[in-house]
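# Remarks on the overall topology
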Amino acid sequence: MQFINRFGLAAYIEKWKQRNYRPLMSSALQSRLSGKIDFDSYIKITKESMVTLGVSRYPSFRHSLTKPDTYSRLRDIEAPMLGACYLTEYTAGLEELYDLGSEIETYSNVEEMAQKIEKLQKDKQLRLQLRNMGQKRALSEHSIANSLAKIKLQLNIK
């Protein structure tokens, strides 16, 4: 009853729908998702991959599995900061962080993601541009020091 009072009946119904949901996954993908990598390998893979993919959706009892909600994740700062050629799922607010298409690239559905991956695979210059411009923007505007300065300014803290 607490859940219903807090989140509403629609969220409760979505929770029950999703309870036994198990998405299908190919054995090839499943075999690649096992194991852990160390910190240095993670950084190397992120910045040296042809394309680093971001996903902005998240599971929620308030949204159906077919229309999940999205939000900009820390990965949207981290990957470009490391020099990745970054392709991420579009979510509102990304255009305030980056110049979409020249600093990072976005997609809105599976078909568009596949098209943009193919385009990026074929265009080394575009990949290099996204790496350089995305990293420059992330390091200059999205650093911890710069973010804290913006917060202090917004809160009028000296």
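Residues numbered from 1 in each chain as written. Predicted model: local features only at pLDDT ≥ 70, side-chain atom pairs only at ≥ 80, totals over all residues. Heavy atoms only, no water.

Nonpolar side chains collect at one region of the surface, where I144, L148, I151, L155 and I157 lie side by side and expose about 530 Å² of accessible area between them. The topology assignment puts L155 in helix α9 (residues 144–155). Judged by relative accessible area, L155 falls into the exposed class, the value being 57%. (Patch = residues over 30% accessible without salt bridge, like charges linked within 9 Å, V, L, I, M, F, W, Y side chains within 5 Å. Areas by Shrake-Rupley, 256 points an atom, 1.4 Å probe, with all protein chains shown as cover. Salt bridge = Lys/Arg side-chain N within 4 Å of Asp/Glu carboxyl O. Helix = DSSP H or I, 4+ residues; strand = E, 2+ residues; numbered from the N terminus. Buried < 20%, exposed > 50% of the residue type's maximum accessible area, 1.4 Å probe, protein only.)

With respect to the element layout, D76 can be found in helix α5 (residues 75–81). Comment: no salt bridge for buried D76; closest opposite-charge side chain is R73, at 7.0 Å. A polar atom in the side chain of D76 sits 2.6 Å from the side chain of Y86. In contact with D76, other than residues within four places in its own chain, are Y86, T88, L94 and Y98. (Lys, Arg positive; Asp, Glu negative; His and termini not counted. Polar contact = N/O pair within 3.5 Å; in protein donor to acceptor, adjacent residues only side chain to side chain. Contact = heavy atoms within 4.5 Å.)

Moving on to the pattern of salt bridges. Taken as a whole and assessed by the stated rule, the structure comprises seven salt bridges. Between E48 and K44 there is a salt bridge whose closest N-O contact spans 3.0 Å. In this pair, E48 and K44 both sit in helix α4 (residues 39–48), four residues apart, roughly one turn of the helix. Assessed through its relative accessible area of 46%, K44 is described here as partly exposed.

Take I45: it is sitting in helix α4. Between the C-alpha atoms of I45 and A84, which are 39 residues apart in sequence, the distance is 9.1 Å.

If you check helix α8 (residues 124–141), its first and last C-alpha atoms are 26 Å apart, about what 18 residues at 1.5 Å a residue would give, namely 26 Å. For α8, every residue scored as buried is listed here: L126, R127, L130, R131, G134, R137 and A138. The buried residues of α8 all sit within an arc of 155° when viewed along its axis, so they share a single face. Along α8, the residues that are exposed and aim more than 90 degrees away from the buried face are K124, Q125 and K136. For α8, the elements touching its buried residues are α4, α5, α6 (94–97), β5 (105–107) and α7 (110–122). The backbone nitrogen of Q125 has a side-chain oxygen 3.3 Å away, supplied by the residue at the start of α8, namely D123. (Expected span 1.5 Å × (residues − 1). Arc of directions from axis to C-beta.)

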